[in-house]
Amino acid sequence: MIETMTAPVQEPLASERKPIEHLSIICSKGTLDMAYPGLILANAARMSGIDATLFFTFWGLDIISEKTVDHLHVPTVGNPSMNIPTLLGGLPGMESLATLMMKKEMEKLDLPTVREMLEILSDSGAKIYACRMAMDMFGRTEKDLVPQVEEVITAMDFFDKSAGAQVLFI
Amino acid sequence: MLHEYAGKTIETTPDGFLVDSAQWTPAVGEALAAEVGLKPLSEKHWQVITFCREDAAKEGQSPTVRRIAKLSGVSMKELYELFPKGPGKLAARIAGLPKPQGCV
């Protein structure tokens, strides 16, 4: 039998690992259930002293558009976590009902609205950007966006602004 | 972990929160703040720390950043200026309270 003399591999302590310094989140979905994860993670980052950058693209633009920010929906069709038959989910009123239920639950937890989350993020120093190409594609201009949006930028600009960041796609 | 703050031997969690918040005194708070580079503490810092201690005594848990911004009279923006390394953990830590459990 061959005896190996290697030291046992030891997990580094959490305090010895290099901490995250910058979190960059790409928000590409515009439903209520997909809006919150990005917003809450960015806020948690800021609360821990981590820089946060948010890049809203494709349907994610709905999260930062004046017309839609207060009216995001929970999808009842094509949502595998919804646990109701797809045909039922497509009935009129189902989506409004699911949205209402989720909003009620969030109110119980005293979770801020999407608009308020954007205000909190902006106050906390998080940077909020909109995607140039998605804006052109959906025919939106800067006037259509909430005031917390810093700038409309390209994907390449986004990577420049994400220097040293962990990038997360939602 | 055992530390010496303001002449007292005090036990903290691995991430620096006091195990027993009753051991806290304003001098301990100053020592905890100095440890994270906050020195000296301004009047606004004390306004936040005092609010956190009073609120935690009433509610039984450390206030979240949102709660501090809503009720302490110090705005969200100011909180981030006062605690640039993150008001979420630092306000509670300097106030000798446990790590806040809220995500917002």
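Each remark here, short or long, concerns the structure printed above.
Residues numbered from 1 in each chain as written. Chains lettered and ligands numbered in written order. Predicted model: local features only at pLDDT ≥ 70, side-chain atom pairs only at ≥ 80, totals over all residues. Heavy atoms only, no water.

Colleague: So what's going on with helix α5 (residues 87-94) of chain B? Residues and values would help.
Modeller: Counting buried positions along α5 of chain B yields 7 of 8 residues, so the element is predominantly enclosed. Listing the buried residues of α5 of chain B in full gives Pro87, Gly88, Leu90, Ala91, Ala92, Arg93 and Ile94 of chain B. Tucked into the core, α5 of chain B has its buried residues touching α1 (32-47) of chain A together with α1 (26-35), α2 (43-59), α3 (65-71) and α4 (76-82) of chain B. Trailing α5 of chain B by a residue or two, Gly96 of chain B shows a phi angle of about 75 degrees, which is positive. (Buried < 20%, exposed > 50% of the residue type's maximum accessible area, 1.4 Å probe, protein only. Helix = DSSP H or I, 4+ residues; strand = E, 2+ residues; numbered from the N terminus. Contact = heavy atoms within 4.5 Å.)

Colleague: Please give an account of the pairing of strand β1 (residues 2-5) of chain B that cites residues and values.
Modeller: Residues and elements named next belong to chain B. Examined bridge by bridge, β1 and strand β2 (residues 8-11) share 4 bridges and lie antiparallel to one another. Residue Tyr5 lies in a different strand from β2, and its bridge partner there is Lys8. Adjacent in sequence and paired antiparallel, β1 and β2 are bridged by 2 residues, among which Ala6 carries a positive phi angle near 50 degrees. (Pairing = 2+ DSSP bridges.)

Colleague: Break down the interface of chain B and chain A for me, citing the residues and quoting the values.
Modeller: Where interface size is quoted, it is often the accessible area lost as the parts come together. Contacts between the two partners involve 15 residues from chain B and, on the opposite side, 14 residues from chain A. With both chains or domains summed, chain B and chain A bury close to 1,200 Å², and 56% of this area falls on carbon and sulfur atoms. It is Arg66, Tyr80 and Val104 of chain B that lose the most area in chain B upon contact with chain A, and together they represent 48% of the buried surface on that side. Connecting chain B to chain A are 1 salt bridge. Among the ionic pairs, Glu116 of chain A bridges to Arg66 of chain B, the shortest N-O distance being 3.2 Å. Counting across the chain B and chain A interface gives 3 residue pairs in polar contact (both at pLDDT 80 or more). When residues of the side of chain B that touches chain A are traced back to their parent elements, those giving at least two are α3, α4 and α5 of chain B. (Buried area = accessible area lost by both parts, 1.4 Å probe. Salt bridge = Lys/Arg side-chain N within 4 Å of Asp/Glu carboxyl O. Polar contact = N/O pair within 3.5 Å; in protein donor to acceptor, adjacent residues only side chain to side chain.)

Colleague: Give me the environment of Gln47 of chain B: which residues, what numbers.
Modeller: All names here are of chain B. Positionally, Gln47 belongs in helix α2. Residue Gln47 is classed as partly exposed on the basis of its relative accessible area, which comes to 33%. Through-space distance from the C-alpha of Gln47 to that of Trp24 is 16 Å; in sequence the pair is 23 residues apart.

Colleague: I'd like to hear about the packing of aromatic side chains, residue by residue, with values.
Modeller: The description of an aromatic ring pair uses the distance of the two centres, along with the angle that the planes make with each other. Residue and element names in this part refer to chain A. The final tally for this structure, using the stated rule, is 5 aromatic pairs over all chains. Measuring from ring centre to ring centre gives 4.6 Å for Phe55 and Phe158, while their planes differ by 20 degrees; the resulting arrangement is stacked. Taken as a pair, Phe55 in strand β2 (residues 51-56) and Phe158 in helix α6 (residues 155-161) lie far apart in primary sequence, 103 residues in all. Taken together through their ring pairs, the aromatic side chains of Phe55, Phe158 and Phe159 make up a single cluster. (Phe/Tyr/Trp six-rings, centres within 6.5 Å; stacked < 30°, edge-to-face > 60°.)

None of this, on its own, says anything about what the molecule does.
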